[in-house]
Amino acid sequence: MLCLQVLSILLIATAALASEEDVLELGDNDFDSRLSEIDTALVMFYAPWCGHCKRLKPEYAKAAEDLVRNDPPVTLVKVDCTEAGKETCNKNSVSGYPTLKIFRNGEFSQEYKGPREANGIAKYMKAQVGPASKELKSVADLEKFLASEKESVVIGFFENESDLKAAFFKLADKLREKVQFAHSSYKDVLAKQGVTDAVILFRPAHLKNKFEPSSVTYSGPAESSDLNDFLTKNFYGLAGVRKSDNQREFKSPLVVVYYAVDYVKNPKGTNYWRNRVLKVAEQFAGKVNFAVSPNDEFTHELNEFGIEFAQSDKPKVAARDASEKKYVLKEEFSVESLTNFVNDLLNEKLEPYIKSEPIPENQDEPVVVAVAKNFEDVVVNNDKDTLIEFYAPWCGHCKKLAPAYDELAEKLKGEDVAIVKMDATANDVPPNYDVRGFPTLYWAPKDKKNNPVRYDGGREVDDFLKYIAKEATNELKGWDRSGKEKPAKTEL
Ligand SMILES: *[C@@H]1O[C@H](CO)[C@@H](O)[C@H](O)[C@H]1NC(C)=O
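Residues numbered from 1 in each chain as written. Predicted model: local features only at pLDDT ≥ 70, side-chain atom pairs only at ≥ 80, totals over all residues. Heavy atoms only, no water.

**Describing the overall build of the protein chain**
When helices and strands are tallied, the protein chain shows 15 helices and 20 strands. Seen along its three principal axes, the alpha-carbon backbone of the protein chain occupies a region of about 105 × 60 × 60 Å. Burial status across the protein chain gives 44% buried among its 492 residues. Considering only residue pairs separated by 6 or more positions, the protein chain has 68% of its internal contacts joining residues 24 or more positions apart. In the structure as shown, the protein chain presents an accessible area of about 27,000 Å², 50% of it carried by carbon and sulfur atoms. (Helix = DSSP H or I, 4+ residues; strand = E, 2+ residues; numbered from the N terminus. Buried < 20%, exposed > 50% of the residue type's maximum accessible area, 1.4 Å probe, protein only. Contact = heavy atoms within 4.5 Å. Areas by Shrake-Rupley, 256 points an atom, 1.4 Å probe, with all protein chains shown as cover.)

This is the structure in structure tokens:
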């Protein structure tokens with residue numbers, strides 16, 4: 001019993017040490033006094049029960065570890081709005097959790113609008129302190145800077161003023177929240193690098209590999225836009241580590257290899273597979289982009305490709321071509337299977353993956369059921385004005401809408417109008433429909449099927465009827481343009 005207790009205390013103690021030692025917890029009695037002594041602080045106002053706060057916590061702690069060692073340092077603070085920091089949260093108009101704000105010398109400076117992942121937080125906050133490009137005054141500075149960075153960094157080496165130097169600073173200013181820049185004019189630093197007027201991109205130590213150089217020297221014109229292109233092209237290298245905070249930087253055509261990518265807990269295993277990806281990526285450089293992604297961070301995306309990931313699985317591969325069509329590697333991952341897959345992708349020999357429910361065998365109900373595989377038939381080429389609802393099976397508002405939607409369809413049975421629904425969680429939504437919440441409704445007139453408009457009106461039968469009566473390509477048989485029901489024709 002005693003042993004167990006001691007053990008659990010030890011466990012709790014180490015967990016706390018490992019995770020949060022660099023985050024400063026403040027409350028009502030010390031918030032103002034302590035914060036006024038800190039040049040730049042990021043403050044997280046939180047509630048212990050809030051899910052988003054719990055998810056942010058480890059990322060915040062990791063960023064804090066990095067930022068206390070930054071020069072100049074940034075302090076990450078947290079305030080519990082339910083207990084010790086109630087009043088402080090009130091005073092700072094905290095209305096949701098977590099709320100993040102930047103303070104300088106105890107004064108509120110600005111809302112935090114950066115990313116919520118450790119690396120992103122650190123980069124964003126580093127950009128808030130000091131200049132856009134950090135000056136390296138010695139070889140030791142240079143080495144320290146290179147060793148501390150977890151992503152590619154860009155360093156300018158300038159003996160004199162030059163156009164390249166001007167372009168470099170212009171770009172550094174523009175990208176300061178995204179990329180770490182540094183520069184030097186010190187003789188020994190230039191001598192160490194063996195250059196006098198150059199911009200060089202350095203890849204972080206943990207991503208070094210034998211398939212690409214660990215640094216790339218810029219050789220284009222002295223224009224910041226060209227320099228920007230150079231960065232875009234080289235920043236992530238042959239097979240970048242694509243995570244949720246940088247995924248938008250990876251452009252199609254893109255081949256993503258998913259597995260337990262983790263450079264903190266398992267760098268060896270991570271490199272084992274990445275080296276195989278690099279071997280393939282090298283052959284296709286400039287034609288297709290490659291990335292590796294942690295599968296546990298992308299379960300939603302994997303689902304979009306119909307990929308189930310079991311713990312014992314080898315890496316899984318999914319791709320998008322330049323027109324965003326989806327493809328999945330069906331064979332087991334190997335250098336050879338990946339090579340063939342990418343070759344086939346480039347030669348347009350692959351069948352695109354379409355997430356779809358089976359096409360319904362019959363359409364007996366007034367509301368027509370669309371799935372990805374029959375969308376062309378029941379919407380695009382149905383030769384009718386069409387109202388489409390994109391729903392999710394679990395969505396309460398969708399369930400509430402269902403009876404009205406059925407009734408609407410029933411009423412419009414004899415009209416030149418189709419009332420359609422699609423489960424957007426089980427089917428690919430065509431690209432000209434933007435579905436972010438449920439239900440989302442679109443009106444697609446029969447001559448403008450490629451240009452549907454979002455329906456934002458009321459959700460009662462009459463609201464729909466009024467809208468459709470007005471917007472219908474040809475006037476409805478049963479309703480006039482104002483939505484008034486026409487008198488039934490009397491038989492003579
Ligand atoms: C910098 O200026 C010095 C003195 O004018 C000159 O000797 C040197 O070549 C210049 N360096 C570069 C890279 O242009």
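This is not the end of the story, as more comes after the structure.
**Things to note about the domain arrangement of the protein chain**
Split into domains, the protein chain comes out as domain 1 (16-126), domain 2 (133-234), domain 3 (239-346) and domain 4 (368-471). The distance between the C-alpha centroids of domain 1 and domain 2 comes to 31 Å. Of the roughly 680 Å² buried where domain 1 meets domain 2, counting both sides, 33% is carbon and sulfur surface. Considering only the surface of domain 1 that becomes buried against domain 2, K123, Y124 and K126 emerge as the three largest contributors, covering 65% of it. For the interface between domain 1 and domain 2, the tally reads 3 salt bridges. One can count 3 residue pairs in polar contact (both at pLDDT 80 or more) joining domain 1 with domain 2. In terms of residue count, the dominant contributor to the side of domain 1 that touches domain 2 is helix 5 (residues 118-126) (4 residues). For the side of domain 1 that touches domain 2, the residue count by class is 1 nonpolar, 1 polar and 4 charged. (Domains from an automatic or database assignment. Buried area = accessible area lost by both parts, 1.4 Å probe. Salt bridge = Lys/Arg side-chain N within 4 Å of Asp/Glu carboxyl O. Polar contact = N/O pair within 3.5 Å; in protein donor to acceptor, adjacent residues only side chain to side chain. Nonpolar A, V, L, I, M, F, W, Y, C, P; charged D, E, K, R; others polar.)

**Here we look at the packing of aromatic side chains**
Given two aromatic rings, one states the distance between the centres and the angle between the planes to describe the pair. What the rule picks out here adds up to 26 aromatic pairs. Summarising the aromatic geometry, the rings of F390 and Y442 are spaced 6.4 Å apart at their centres and angled 80° between planes, so their arrangement reads as edge-to-face. Note that F390 is positioned in strand 17 (residues 385-391) and Y442 in strand 19 (residues 440-444), a separation of 52 residues in sequence. Judged by relative accessible area, F390 falls into the buried class, the value being 0%. Through pairs of rings, three or more aromatic residues link up here, namely Y405, W443, Y455, F464 and Y467. The ring centre of Y272 lies 3.8 Å from the NZ or CZ of R276, which sits over that ring. Seen from the ring of F305, K326 lies directly overhead, with NZ or CZ sitting 5.6 Å from the centre. (Phe/Tyr/Trp six-rings, centres within 6.5 Å; stacked < 30°, edge-to-face > 60°. Lys NZ or Arg CZ within 6 Å of the ring centre and 35° of its normal.)

**With respect to the site of the ligand**
Surveying the vicinity of the ligand reveals the residues E159, N160 and T196. Contact with the protein chains covers 33% of the free accessible surface of the ligand, which is 370 Å². (Near = heavy atom within 4 Å.)

**As for the packing of helix 3 (residues 51-68) against helix 5**
Across the interface, helix 3 lies against helix 5 with an axial gap of 8 Å and an inter-helix angle of 45°. It follows that helix 3 is oblique to helix 5 by the angle criterion. The element helix 3 and its partner helix 5 pack so that their crossing is right-handed. Taken together, the residues of helix 5 that come into contact with helix 3 (itself represented by L56, E59, Y60, K62, A63, D66 and L67) are A118, I121, A122, M125 and K126. (Axes fitted to C-alpha atoms, helices over the stretch in contact; angles between N-to-C directions. Parallel < 35°, antiparallel > 145°, perpendicular 65-115°, else oblique. Left-handed = near helix turned anticlockwise from the far one by under 90°.)

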